[in-house]
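Per-entry structural report
Spelled out from the first residue to the last, the chains are:
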Amino acid sequence: MNSVLVASNRGPVSFTVSDDGVLTMKRGGGGLVSGLSGVAGDDGVLWVCAALSDGDRGAVRQAPGGRLDHAGYATGAVRMLDIPPATFHRAYNAVANSTLWFVNHLLYDIPNAPLFGTRFRREWDSYRDYNGAFALALAEEAVHGARVMVQDYHLTLTPAMLRAERPDLRIAHFSHTPWAPPEYFSLLPDEVGREVLEGILGADHAGFLTERWARAFIDCCAALLKADISGNQVTYDGHTTRIGVHSLGVDGDALTARAGEPDVESHMTALRDQVGDRKLIVRIDRTELSKNIVRGLAAYREFLAAHPEWHGRVVHLAFAYPSRHDLPEYREYTAAVLRCAKEIEDEYATEDWDPLILNVDDDYPRSLAAYRMADVLLVNPIRDGMNLVAKEGPILSPHCALVLSREAGAAAELGADALVVNPYDVCETADALHAALVMPDDERRSRAARLAAAATALPPQQWLAAQLDALRPTS
Ligand code: G6P
């Protein structure tokens, strides 16, 4: 039995299975997993996650009680849930990624979507089952009075379900995404919107990355549930949830150490060979609708059109890594990114100047190399919970100027020293790229130093500790 439990859809490891049935384990990716990895492996901590793939299911089925550590894997205590694939698919792809993610990032093409019919109701039932499977596993594993930290939009219903089962537990929920304002959140069917809010309000503490997302959540509770709001507390149905803001930052020392390793150095040499002594504008993203890559490329194109004096003197390195290819919108978006890149190439490339290098295959050491070399870092999401790229860049490149969307959570902490843009305005973004390129060296260095200090203010270990502290009984 465990005194601290973490629950998230994606766990700390994932498995692939080869044709001859051999399982290979690798570390899970993404901001959420790196944020939480700090506690994995500590005594008394159990991580509950879902099997995401056939490889994961293969591993779980050989693990007693789903405990990967009991099957001999060096994961720390991890229980992986083997949720039936059809249920998982509906909960993860249809509800979490195609609905809740879209709502909270304001991604719908409103005249055409969403459309909530009978099919959605079935998908919602699966989401409820999937959340129920987590609540059940947590209820089974937790000692009396244990602290449970439930993560993200995949698991909005779990806190209330768990509280009903185990009122003795102290429960937290953390949203790694933005939160939608009530007018947009109300696109959800009324009963679904209410269930999401009531689900999270089952927790004693609901955490967000910025004041803005926390405020939006509180506004939704007031508008849809008529909950009682007092400062940072929401009381509903006789239970009070404290709302907290924890701005996840970066472990600067660990990142700098990793970026100094030989594989990164050799990528730097290769990139330098490719771009020569030209200035570098870098972006690094998953190919994710909210990241606004197409408008980023359009802004670069506007910049090239307005500033012929930079032709031949600048290169845009755009890394757009594969993401969520099970969803058609993401496949179409990837195609749009490639199309836009080709148009820039066709219009501006010359025999000895490649204005844009677009890479769509994931390569972490190459990303670190690009960070270190960046003169300008472009981070222009439509909306983003935090955006750790904006925080990592200035840590690794002391001469990097940051062009940052005002809609990224990171803008709350980094806005003063970044060039802040409206992500829909590609002319403004193009002007900011230019201003970033011509920024005097001493100014860019002093801004980057302040950005790096802000980016490391709350590293993952402390971020996590603050949330665990918030779960200690107050009286
Ligand atoms: C990003 C978001 C997290 C989310 C994760 C899911 O990292 O910031 O909020 O949990 O994506 O990604 P996945 O690849 O697991 O669907």
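Residues numbered from 1 in each chain as written. Predicted model: local features only at pLDDT ≥ 70, side-chain atom pairs only at ≥ 80, totals over all residues. Heavy atoms only, no water.

1. Observations regarding the overall build of the protein chain
Along the protein chain, the regular secondary structure elements total 18 helices and 17 strands. Computed over its C-alpha atoms, the radius of gyration of the protein chain comes to 23 Å, within 12% of the 23 Å expected for a compact globule of 475 residues. Relative to its 475 residues, the protein chain shows a buried fraction of 57%. Within the protein chain, contacts between residues at least 6 apart in sequence are counted, and of these 76% link residues at least 24 apart. Total accessible area on the protein chain stands at roughly 18900 Å², and carbon and sulfur atoms take up 51% of it. Computed over 45 positive and 64 negative side-chain charges, the inter-centroid distance for the protein chain is 3 Å. (Helix = DSSP H or I, 4+ residues; strand = E, 2+ residues; numbered from the N terminus. Rg over C-alpha atoms; globule rule 2.2 N^0.38 Å. Buried < 20%, exposed > 50% of the residue type's maximum accessible area, 1.4 Å probe, protein only. Contact = heavy atoms within 4.5 Å. Areas by Shrake-Rupley, 256 points an atom, 1.4 Å probe, with all protein chains shown as cover. Lys, Arg positive; Asp, Glu negative; His and termini not counted. Charge placed at Lys NZ, Arg CZ, Asp CG, Glu CD.)

2. A short note on the site of the ligand
Around the ligand there are 12 residues in total, and Arg-10, Tyr-92, Asp-152, His-176 and Arg-324 lie nearest to it. Between an oxygen atom of the ligand and a side-chain N or O atom of Arg-324, the distance comes to 3.3 Å. For the ligand, whose accessible area on its own is 390 Å², the fraction buried by protein is 82%. Of all the secondary-structure elements, those providing two or more residues to the shell around the ligand are helix H1 (31-36) and helix H3 (85-104). Its residues placed into classes, the shell around the ligand shows four nonpolar, four polar and four charged. (Near = heavy atom within 4 Å. Polar contact = N/O pair within 3.5 Å; in protein donor to acceptor, adjacent residues only side chain to side chain. Nonpolar A, V, L, I, M, F, W, Y, C, P; charged D, E, K, R; others polar.)

3. Focus: unusual backbone geometry
Cis geometry marks the peptide bond from Ala-113 to Pro-114, where omega comes out at 5°. With a phi angle near 55°, Asp-237 is a residue other than glycine that sits in the positive phi range. Of note, Asp-237 is situated in the loop between strand E10 (233-236) and strand E11 (239-245). Overall, the relative accessible area of 73% leaves Asp-237 in the exposed class. Phi at Arg-324 is positive, roughly 45°, even though this residue is not glycine. Relative to the elements of secondary structure, Arg-324 occurs in the loop between strand E13 (314-321) and helix H12 (328-348). The class for Arg-324 is buried, based on a relative accessible area of 18%.

4. As for the pairing of strand E6 (residues 142-151)
Along E6, seven of the 10 residues are buried, which leaves the element largely enclosed by surrounding structure. Bridge count between strand E1 (residues 2-7) and E6: five bridges; the pairing is parallel. Looking at the pairing, Ala-7 lines up with Val-150 of E6. Sheet analysis places E6 next to strand E7 (residues 170-174), joined by five bridges and oriented parallel. Residue Met-149 lies in a different strand from E7, and its bridge partner there is Ala-172. Taken together, E6, helix H5 (residues 158-165) and E7 form a β-α-β motif whose crossover is right-handed. (Pairing = 2+ DSSP bridges. Right-handed = clockwise from strand over helix to strand, strands pointing away.)

5. Thoughts on a negative patch on the surface
Where like charges cluster on the molecular surface, the negative patch consists of Glu-302, Asp-425, Glu-428 and Asp-431. Mapped onto the secondary structure, Asp-425 falls in the loop between strand E17 (419-421) and helix H16 (426-438). Among the residues examined, Asp-425 registers a relative accessible area of 30% and is labelled partly exposed. (Patch = residues over 30% accessible without salt bridge, like charges linked within 9 Å, V, L, I, M, F, W, Y side chains within 5 Å. Salt bridge = Lys/Arg side-chain N within 4 Å of Asp/Glu carboxyl O.)

6. A look at the environment of Arg-272
Among the structural elements, Arg-272 can be located in helix H10 (residues 262-275). Distance from Arg-272 to Thr-241, taken between C-alpha atoms, is 52 Å for residues 31 residues apart in sequence. With near-sequence residues (within four places) excluded, Arg-272 lies in contact with Asp-277, Arg-278 and Met-373.

7. As for the sheet that holds strand E14 (residues 356-359)
An order of E14-E13-E12-E15-E16-E17 is seen for the six strands of this open sheet, with the pairing classed as parallel. Each edge of the open sheet is held by one strand with a lone partner, namely E14 and E17. The sheet shows a mean angle of 15° between the axes of neighbouring strands, taken without regard to direction. (Axes fitted to C-alpha atoms, helices over the stretch in contact; angles between N-to-C directions.)

8. Description of helix H13 (residues 364-373)
An α-helical turn contains 3.6 residues, so any two residues separated by three or four positions project in the same direction. In terms of residue burial, H13 counts as a mostly covered element, since eight of its 10 residues are buried. Within the span of H13, buried status applies to Pro-365, Arg-366, Ser-367, Leu-368, Ala-369, Ala-370, Tyr-371 and Met-373.

9. Description of the sheet that holds E6
Across the sheet, which stays open at both edges, the nine strands sit in the order E5-E4-E1-E6-E7-E8-E11-E10-E9 with mixed pairing between neighbours. The open sheet has two free edges, formed respectively by strand E5 (78-81) and strand E9 (228-230), since each of these has just one partner strand. Averaged over all pairs of adjacent strands, the angle between their axes in this sheet comes to 20°, without regard to strand direction. Sheet analysis places strand E8 (residues 205-208) next to E11, joined by four bridges and oriented parallel. Pairing of Phe-208 across the sheet is with Val-245, part of E11.

10. Quick look at the pairing of E8
Burial of E8 is two-sided: the residues His-205 and Gly-207 facing one way and the residues Ala-206 and Phe-208 facing the other way are all buried. Looking at chain direction, E7 and E8 are connected through three bridges and run parallel. Residue pairing in the sheet places Phe-174 in a bridge with Gly-207 of E8.

11. Considerations on the pattern of salt bridges
Per the stated rule, a full pass over the model turns up 32 salt bridges. Its salt-bridge partner being Asp-69, residue Arg-67 comes within 2.8 Å of it at the nearest N-O pair. For Arg-67, a relative accessible area of 13% puts it in the buried group. Across the salt bridge formed by Asp-219 and Arg-215, the nearest N and O atoms sit 3.9 Å from each other. With Asp-219 and Arg-215 both in helix H8 (residues 211-225) and four residues apart, the pair spans about one turn of that helix. By sharing partners, the salt bridges in this structure join Asp-54, Arg-57, Arg-61 and Asp-82 into a single network.

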